[in-house]
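Given next are the chains, with one letter for each unit.
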Amino acid sequence: MKDLLTVKNLYKKYNKSKIIALNNVSMDINKGEIVGLLGPNGAGKTTLLKIICGLTIPDSGEVIVSNVKMEDKTRLKMMEKIGVVLEGNRNLYWAISVLDNYYYFGSIKGKTGREIKKNIEKYADILKTKELLTRKVNTLSMGQKQRVAITASLLHEPELLILDEPSNGLDIESRILLTSAVKTLREEMKITILIASHDVDFLRKTVDRFIIINNGNIVDEFANINITAEDIENKYKIHANLKEA
Amino acid sequence: MFKYLNIVIAEIRRSLKESFSYKMGLVSDIVVLTLLYAGLIFMDTGSMLGEYYNNPGNSKTLLLLGYIFWSYSIAAISGVSSEISIEAVKGTLEQKFMAVIPYPFLIAGNIISSLLLSSIVAAVIIAFSNLIIGVSITVNGKVILSLLMTLVGMYGMGLILGGLSLIAKRINQLTLLIQILLLFVTDTLSKTSPSSAISCIIPLTVGNDIARKSVSNIVISYNEWLMLILVSMLWFVVGSAIFGMSSRYARKNGLLGTY
């Protein structure tokens, strides 16, 4: 399989806190893969994601998405290739309807109204958000907001979808829906997905491969085969959220 | 080009829909700005304006014109700086930085929406002025042109505050202070002759002067137009450069997602 995302020797130190957030991190993600970036709070997951999506500038190293290196002159063009849902419910406008959010976020990623309408049909079906279109975001549950945010991030048909802590605060039913939707997105839409989380159980049910990050270093990576949440918790000292869904 | 236009229109629509969903915000803007204007009129503020512009008996109209210019200007400033703070708190700021066009174009869309809402406020103030005080205003092409040029410069001033807001986050009190100061240092309420050096490099001062001369049938020289263009472009260019540097600093230090 061909690499869709390549990260080479990323180094990032925040001047104020003097903390090394990433220490020469390198990784590859193949096209069509679902990868779980697992680590405890403060491990460097969010910094890594924000560098990949161009929100944070690294001190050194490079990010290549679909053969294009992230630089100042390529950053805006690369935004067409990446869809991102950041941690929490901070990805939507709460005072307007779901449909208005869809048109807005699709538009700022360069899509026309017609293209957005077509893609709403496609992705709202997979994420089960069709019945929510006329609702204002502030009337939705956590799980519904999360699915709406993911739908909004897909309307420009990105090659790479990045999800930061998508299972935080979700009930069991929402977790099942999310796991199923992520798998469908890969199977039917061939989207490559990178999920950062400290929720071992959610990742175990969702991803093809784990990348373990701790203290700004990639400490291990392995396929998600015959591995239990307890194994991971014991080996890497990462608390497993053992809700059986 | 079409992509940029499409996105700016999307931003205007989004911003208007959001503003109308918070109706009390718009109503309070109308009430506060109308009451402030009424207070200025009843305190006989700007009574010398008519004399200065050789238009005796028309001081209140000239005051109203300056006041409208000021209300649009503060909308242009808060359309950048306050909006950045609000978006940072809501968490949508980072999503906007992942748009396929530079962020200042999205801000421009937001400002257009703020200016449209300011037009509602201005319409209420003008109607109030006409019905209660009997002061009317005639808007001509030169007034509109000077207002648009003024707003380009004030947008530049907003970009400077916006850049600061990306790094320092909560600068709402500073923004408010600057908005109030503008009321007093830009010849909005009275006219000093000549205007102070600092006042002269604020687009609102120059724009106010041109608009008032226009409604007072005073010939406006090319130099005065040139001055307005130069001052506004200076603020726009400096503001864009500072905003660009600030957003790079914020990305370098991981500040976009914090508030």
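Definitions and limits used
All residue numbers here refer to positions counted from 1 along the written sequence of the relevant chain. Naming scheme: in the order in which they are written, chains are lettered from A and ligands are numbered from 1. Whole-chain, interface and lining totals are the exception, using all residues; otherwise, since this is a predicted model, local features are given only for residues with pLDDT of at least 70 and side-chain atom pairs are given and counted only at 80 or more. Where helices and strands are cited, they refer to DSSP runs of H or I of at least four residues and of E of at least two residues respectively, numbered from the N terminus. What the globule rule says is 2.2 Å times the number of residues to the power 0.38, and the radius of gyration is computed from C-alpha atoms. Counting other C-beta atoms within 10 Å of a residue's C-beta gives its exposure: the residue is buried at 20 or more, exposed at 12 or fewer, and partly exposed in between, where C-beta atoms are placed from the backbone. Contacts are defined on C-beta atoms placed from the backbone: any two residues whose C-beta positions lie within 7 Å are in contact. Just so you know the grouping, Ala, Val, Leu, Ile, Met, Phe, Trp, Tyr, Cys and Pro go in nonpolar, Asp, Glu, Lys and Arg go in charged, and all remaining residues, Gly too, go in polar. Only strands that DSSP links by at least two bridges are regarded as paired with each other. Inter-axis angles, ranging from 0 to 180 degrees, are taken between N-to-C directions of lines fitted to C-alpha atoms, where helices are fitted over the stretch in contact. pLDDT measures the predictor's confidence residue by residue and takes values from 0 up to 100. Start and end positions for the domains come from either an automated domain assignment or a database one.

## Description of the overall build of chain A
Across its full length, chain A holds eight helices and 10 strands. The C-alpha radius of gyration of chain A comes to 17 Å, within 12% of the 18 Å expected for a compact globule of 245 residues. In terms of overall dimensions, chain A has C-alpha extents of about 45 × 45 × 40 Å along its principal axes. Out of the 245 residues belonging to chain A, those deemed buried represent 51%. Nonlocal contacts in chain A, meaning residues at least 24 apart in sequence, comprise 71% of its contacts between residues at least 6 apart.

## Some points on the interface of chain A and chain B
Contact residues are listed per partner, giving 28 residues for chain A and 27 residues for chain B. Class assignment for the residues of the side of chain A that touches chain B results in 15 nonpolar, nine polar and four charged.

## A few points about the sheet that holds strand β10 (residues 217-223) of chain A
Two modes of strand pairing occur in sheets, parallel and antiparallel, and in both the strands are linked by backbone hydrogen bonds. All names here are of chain A. The mixed open sheet is built from six strands, whose spatial order is β6-β7-β8-β3-β9-β10. With one partner strand each, in any of the chains shown, β6 (82-85) and β10 form the two edges of the open sheet. Averaged over all pairs of adjacent strands, the angle between strand axes in this sheet comes to 15°, irrespective of strand direction. Pairing analysis gives five bridges linking strand β3 (residues 34-38) to strand β8 (residues 192-197), with the strands arranged parallel. Note that in β8 the partner of Leu-37 across the bridge is Ala-196. Contacts from helix α5 (residues 142-154) reach β6 and β7 (160-164), with the element oriented near 165° to β6.

## Brief notes about the pairing of strand β4 (residues 60-65) of chain A
Side chains on a regular strand alternate between the two faces of the sheet. Residue and element names in this part refer to chain A. Pairing between strand β1 (residues 3-14) and β4: five bridges, direction antiparallel. The residue bridging Tyr-11 from the neighbouring strand is Ser-60, located in β4. Bridge analysis of β4 against strand β5 (residues 68-69) gives two bridges, and the strand direction is antiparallel. Residue Val-65 lies in a different strand from β5, and its bridge partner there is Val-68. In this antiparallel pair of consecutive strands, β4 and β5, the connection spans two residues, and Ser-66 shows a positive phi of 50°.

## Here's the deal with unusual backbone geometry
Residue and element names in this part refer to chain A. Backbone geometry at Asn-24 places phi at a positive 50°, although glycine is not the residue there. Along the chain, the position of Asn-24 falls in strand β2 (residues 19-30). Here the phi dihedral of Glu-165 falls at roughly 50°; this positive angle occurs in a residue that is not glycine. Within the secondary structure, Glu-165 sits in the loop between β7 and α6 (172-189). You can call Glu-165 buried: it has 21 C-beta atoms within 10 Å.

## What about the confidence of the model for chain A?
For chain A, the average pLDDT comes to 90, and 96% of its residues sit at 70 or higher. Averaged pLDDT values over the elements of chain A bottom out at 78 in helix α8 (residues 229-236) of chain A and peak at 97 in helix α3 (residues 98-108) of chain A.

## Comments concerning the environment of Ile132(B)
With respect to the helices, strands and loops of the structure, Ile132(B) is situated in helix α7 (residues 103-133). Ile132(B) sits 94 residues away from Ala38(B) along the chain, and the two C-alpha atoms are 9.5 Å apart.

## Section: the domain arrangement of chain A
Many descriptions give the size of an interface as the accessible area lost when the pieces come together. All names here are of chain A. Domain parsing of chain A yields domain 1 (14-81 + 159-245) and domain 2 (89-157). If you average the C-alpha positions of domain 1 and of domain 2, the two centres end up 22 Å apart. At the junction of the two partners, domain 1 supplies 13 residues and domain 2 supplies 12 residues. With six residues, α6 is the largest single contributor of residues to the side of domain 1 that touches domain 2. Of the residues contributing to the side of domain 1 that touches domain 2, the split by class is eight nonpolar, three polar and two charged.

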